[in-house]
Amino acid sequence: MTGLGSFVLAQGSAGLLDYSTRMVLAGTVLLGIAAGIVGAFLLLRKRSLVGDVASHAAVPGLAAAFLLFEINSPGSGRWLPGLLIGAAVSAALAIWLTERVKRIRYIKEDAALAVVLSLSFGLGVCLLTIIQSFPSGNQAHLTDFLFGRAAALIEGDVLTLTCVASGVLIITLAFFKEFAVLSFDEDFAAAQGWPVAKLELLLTALVVVVTVTAMQSVGLLLAVALLITPAVAARFWTDRLPGLVAISAGIGALASASGTIVSAQIPRLGTGALIVVFGLIFFIVSWFFGSKRGLVWAWWERRRGNREIHEADLLRAVYELLEAKNDVEGRPGPERLADLPWSRAAVASSLTWPARRFESILATLLTRGWIWLDADGHYRFTLHGARRAIDVVRRHRLWELYLLNYAALPAGQIDRAADITEHGLTDAEMERLEGLFAARGDQSQVPASFHKIDAREGEPA
Amino acid sequence: MNELLTSLLDANSLDSRIALTAILASIACALPGTLLVLRRQSLLGDALGHALLPGIVLGYLATNFLIDDSPGGAAAAWVPSLRITAMLVGAAVAGILCAVLATIIEKSGRVEPSAALGVVFTGLFAIGLILVRRYADDVDIDASCVLYGHLETVVFETWPGTTLPVAAVSALAAIVFNAALLIAFYKELKLSTFDPEFARAVGIPAGAIEIGLVAATAMTVVATFESVGSILVLAALVVPAVTARLLVNRFISQIMISLVFATLAAVGGHLLAMAVPHLVVLTSDNRPLEVGTAGAISLVSGLMLLATVAFGPTNGLVWKVWRLRALRQRVFREDVLGILFRLAERGVQVDEACLSGQVARSLDRSPAAVQRGVRKLQSAGLVEQIMGIWRLTAVGTQRATEIVRSHRLWETYLARNLGWTDEASHRVAERFEHHTSGYVRENLADELSHPGHDPQGREIPPNTGTS
């Protein structure tokens, strides 16, 4: 901790204690939160790229506003509120236009988006090059809006950002229920009488506001990243809406903070781009390690499930081996099972498993206390293990009987089909199966296997 | 204007080189662009434009690193060509990677495809921007080049020994490459675009086609990067294709027409970029306006799209509005005829006052509108005014008879077969009467066994023998 402390204290003029850095940090983090929240809903509405349209289409409005003000009174072109309003108007117009263009015959949704996006940007570029030829062009400021000017944030801008972020937060909380239903079941919402079109409009307005505000930190070109990446990253952590919104906001904030801090340390890299890159990094982390759908987690769950299946299969193999050797009438009960020794070789030969898996699962069963090694070098069930084995076999055979008698599967396929499904049967389903077969009079706890099990080989026929 | 055109056609002039490069770049983009649009993957073009930026920068850096391009160096002249080649290979790889990653993210996270794509391409674009800024001094790319290329200056880099710009050569190479692929795999492309399931069933490797298209698009984007930039390339890819789609319905025509529009956009864009400074002089110190060529090209492209949307042969919005207006007018005039007929049935004399009063009220239109409509009918010979009284002519009577006959037959039909009340069936008959041909009318009459009166007891006018 002292190391961290001295690190912080050593920051000096470019560090965390620096006022301007704190300003920028506050601004970008607030924006990250707002964008994360809105982005979560966009993701669920499957309209993530609306942000792309909004940000590219804000450019002509930005340039036009500059031109208007500049022509009106030279030198006033850089009045920020005017530029923001211009950008917002053209962004909103473009989104509306996309909806209209979608309705034209033969123009599909993706083409409509691409056309509006590229053409409005083209118009913006034309206007930008026109501005370049102005003596007071100072167009450098305008490209700053494209690429971000986070480093130039001042207190007034942070104030604006605070208002925007708070506004987004308040509106989202106020309309959370409405947005939730809108995202998941639009038809239901409409049928319930909720003003779906107005809610959609509200969401779009939020997107435009966030995008235009993002001009100041990450810049227009990268604003869409703030709207998409945190939300998609959050998707790997949770399946619930409040969680998604919160985590998305959190990742947005984290990415903004990281990008800003690193940018303060290493000059000339561009704060906005760094924020997006950190967003990407957090996304990759979420993609792999997210607790709901992360790749690593999914692999781990799959592996665990497979192991459970293998353990059950091993237990059953041992049971069937012992069942064949059993010389007492009826199927062996737990105590009888626990008395009978068996060798690993006999069991191994009845399973077609690779050696490593066999050893590993055998070891696991030992650890769980279901089997134990006796003095003669033979394995034996413990009582607990025997009961477990009986349960496993019961499931398997009831399910096999069901498949044979009710699902009309050919006998040759039964074992394999049963292998896959039986491990997923719940207790309720088991009860129903037993009810089915109680009527047939088979009262034994474990039904007979309809496979012929050879007493000597221990292998099902 | 004349000087512009002559300058354009002069093979040695800068203008013609710019125009040539622009045309070749636009055509090169339109080829894969058409396929993207037809396969509803326009956003892939958007993604590739952004995602390839880091690859492009790295290509620049790699070439600079490997080759000494100081002015005296022997290899200096070949740097642009080598650079392009290196970048093309990198582009194909990067493009495929981008698409593959997006698909993996989409499947593993169960998010929508465009969101998955968005994550990948925005991240890559950000990396590209950082590289551009960091190595701005080492590479010939700056921020504005990223946005819209620098066609005006890139033509100075020529292929060694000729005056042909390297950018033009690379665009030409892209055209040849794309055209070759298109011709070689025409059947497969066509089938997998329009009927993917059938294509798969027939054994066409849809996945390979997909990857091939992504790679080809990526290479085209890189080949034309300096001409149109990273972001405007989307306009070059998509807009001519969309415009063509509105006009033709066949695959091959679609491709050809999109190439035509691409060429027109390039030429028009360049002319616009050249003409604007001459047309407009702004600001107090008389500095001319400048419009970048790439932006102008996309602008012209957009205008052509707009024109097609508005004035396209069958689907043009303007024609649709015009047809709707014509329909409204026909319905209105037929309503007037109907009213005159019914008033005549009751023996009412229709003078100007009646027109403005009773007729206007029952039609729920202004007196002025009724006056206009009646005048139109008069010039069409359907009504006449004799001593201040308006009457149907013989032709007008025939037409009015048909309409009223249709109306009353429909009312009878609805009342008999569906048991509808007078009010409901009247409202429906009011609409149907305008769209009932003689064939339908007489079949209706047959179906009803030629009734003499409608449910309200009014006489159904007889068949006049015309449709």
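Bear in mind the structure is a predicted one, so any value in this text is a computation, not a measurement.

Looking only at helices and strands, one finds 20 helices and three strands in chain A. Among the 461 residues that make up chain A, the fraction classed as buried is 52%. Taking all contacts inside chain A whose residues are at least 6 apart in sequence as the whole, residues at least 24 apart take part in 70%. Split by element, the accessible area of chain A, about 21000 Å² in all, is 62% carbon and sulfur.

Moving on to helix 12 (residues 206-223) of chain B. Its 18 residues give helix 12 of chain B an end-to-end C-alpha distance of 25 Å, which sits within 8% of 26 Å, the value for a rise of 1.5 Å per residue. Burial within helix 12 of chain B is extensive, with 13 of its 18 residues counted as buried.

Moving on to the packing of aromatic side chains. Per the stated rule, a full pass over the model turns up 16 aromatic pairs over all chains. An aromatic cluster is defined as three or more aromatic residues linked by ring pairs; in this entry it consists of Phe236, Phe283, Trp287, Phe288 and Phe289 of chain A. When the ring centre of Trp370 of chain A is taken as reference, the NZ or CZ atom of Arg368 of chain A above it lies at 5.4 Å. Over the aromatic face of Tyr135 of chain B sits the side chain of Arg134 of chain B, whose NZ or CZ is 5.6 Å from the ring centroid.

Take the sheet that holds strand 2 (residues 371-373) of chain A next. Residue and element names in this part refer to chain A. Read from one edge to the other, the open sheet built from three strands follows the order 1-3-2, with strand pairing classed as antiparallel. The open sheet has two edge strands, strand 1 (341-342) and strand 2, and neither has a second partner. Relative to strand 3 (residues 379-381), strand 1 runs antiparallel, the two being bridged by two bridges. The residue of strand 3 that forms the bridge with Pro341 is Arg380. Strands in contact with helix 17 (residues 355-368) are strand 1, strand 2 and strand 3; relative to strand 2, the strand with the most contacts, it is inclined by about 100°.

In this section: the confidence of the model for chain B. All names here are of chain B. When pLDDT is averaged across chain B, the result is 86; 90% of the residues are at 70 or more. Mean pLDDT per element in chain B: strand 1 (residues 281-282) is the minimum at 52, and helix 19 (residues 394-418) is the maximum at 93. On the interface metric, ipTM, the complex scores 0.81, and its pTM is 0.80.

Here we come to the packing of helix 5 (residues 109-132) of chain A against helix 15 (residues 293-311) of chain B. Between helix 5 of chain A and helix 15 of chain B, the shortest axis-to-axis distance is 8 Å and the interhelical angle comes to 130°. On the basis of the axis angle, helix 5 of chain A is oblique to helix 15 of chain B. Taken as a pair, helix 5 of chain A and helix 15 of chain B cross one another with a handedness that is left-handed. Of helix 15 of chain B, the residues touching helix 5 of chain A (which contributes Val115, Leu119, Gly122, Leu123, Val125 and Cys126 of chain A) are Gly295, Ala296, Ser298, Leu299, Gly302 and Leu305 of chain B. The class makeup of the residues in the contact of helix 5 of chain A with helix 15 of chain B is eight nonpolar, four polar and no charged.

A separate point is unusual backbone geometry. In this structure, Tyr106 of chain A is a non-glycine residue whose phi angle is positive, near 75°. Structurally, Tyr106 of chain A can be placed in the loop between helix 4 (80-102) and helix 5. The class of Tyr106 of chain A is partly exposed, set by a relative accessible area of 27%. Phi is positive for Arg40 of chain B, which is not a glycine, with a value near 60°. With respect to the secondary-structure elements, Arg40 of chain B resides in the loop between helix 2 (14-38) and helix 3 (42-51).

Pairing of strand 3 (residues 383-386) of chain B with strand 4 (residues 389-392) of chain B, which is carried by four bridges, proceeds in the antiparallel orientation. Each residue of the ladder has a partner; that of Glu384 of chain B, found in strand 4 of chain B, is Arg391 of chain B.

Right, let's get into the nonpolar core. By size, the foremost hydrophobic cluster in this structure holds 210 residues, and its most contacted members are Val232 and Phe283 of chain A together with Ile141 of chain B. It is helix 5 of chain A that contributes the most residues to this core, 15 residues altogether. Beyond its immediate sequence surroundings of up to four residues, Ile141 of chain B is in contact with Ile56, Val57, Tyr60, Val132, Ala136, Val146 and Phe225 of chain B. In this structure, Leu314, Leu321, Trp342 and Val347 of chain A belong to the second largest nonpolar core, which totals 27 residues.

Time to look at the pattern of salt bridges. All names here are of chain A. Taken as a whole, this structure holds 33 salt bridges over all chains when the rule is applied. Here Lys102 ties to Glu99 by a salt bridge, and the two come within 3.4 Å at their closest N and O atoms. Residue Lys102 and its partner Glu99 are both found in helix 4; the two are separated by three residues, about one turn of the helix. In this structure Glu99 comes out as partly exposed when scored by relative accessible area, which is 33%.

Counting from both sides, the interface comprises 60 residues of chain B and, opposite them, 54 residues of chain A. Approximately 5100 Å² of surface area, both sides summed, lies buried where chain B meets chain A, with 74% of it carried by carbon and sulfur atoms. Where chain B touches chain A, the interface holds zero salt bridges. At the surface where chain B touches chain A, the tally comes to six residue pairs in polar contact (both at pLDDT 80 or more). Of all the elements in the fold, those that place two or more residues in the side of chain B that touches chain A are helix 3, helix 5 (79-109), helix 6 (113-134), helix 7 (143-148), helix 13 (225-245), strand 2 (287-288) and helix 15 of chain B. It is helix 6 of chain B that contributes the most residues to the side of chain B that touches chain A, 14 residues altogether. The class makeup of the residues in the side of chain B that touches chain A is 33 nonpolar, 16 polar and 11 charged.

Cut-offs used in this document
- Residues numbered from 1 in each chain as written.
- Chains lettered and ligands numbered in written order.
- Predicted model: local features only at pLDDT ≥ 70, side-chain atom pairs only at ≥ 80, totals over all residues.
- Heavy atoms only, no water.
- Helix = DSSP H or I, 4+ residues; strand = E, 2+ residues; numbered from the N terminus.
- Buried < 20%, exposed > 50% of the residue type's maximum accessible area, 1.4 Å probe, protein only.
- Contact = heavy atoms within 4.5 Å.
- Areas by Shrake-Rupley, 256 points an atom, 1.4 Å probe, with all protein chains shown as cover.
- Expected span 1.5 Å × (residues − 1).
- Phe/Tyr/Trp six-rings, centres within 6.5 Å; stacked < 30°, edge-to-face > 60°.
- Lys NZ or Arg CZ within 6 Å of the ring centre and 35° of its normal.
- Pairing = 2+ DSSP bridges.
- Axes fitted to C-alpha atoms, helices over the stretch in contact; angles between N-to-C directions.
- pLDDT = per-residue confidence, 0-100.
- Parallel < 35°, antiparallel > 145°, perpendicular 65-115°, else oblique.
- Left-handed = near helix turned anticlockwise from the far one by under 90°.
- Nonpolar A, V, L, I, M, F, W, Y, C, P; charged D, E, K, R; others polar.
- Core = buried A, V, L, I, M, F, W, Y, C linked by side-chain atoms within 4.5 Å.
- Salt bridge = Lys/Arg side-chain N within 4 Å of Asp/Glu carboxyl O.
- Buried area = accessible area lost by both parts, 1.4 Å probe.
- Polar contact = N/O pair within 3.5 Å; in protein donor to acceptor, adjacent residues only side chain to side chain.

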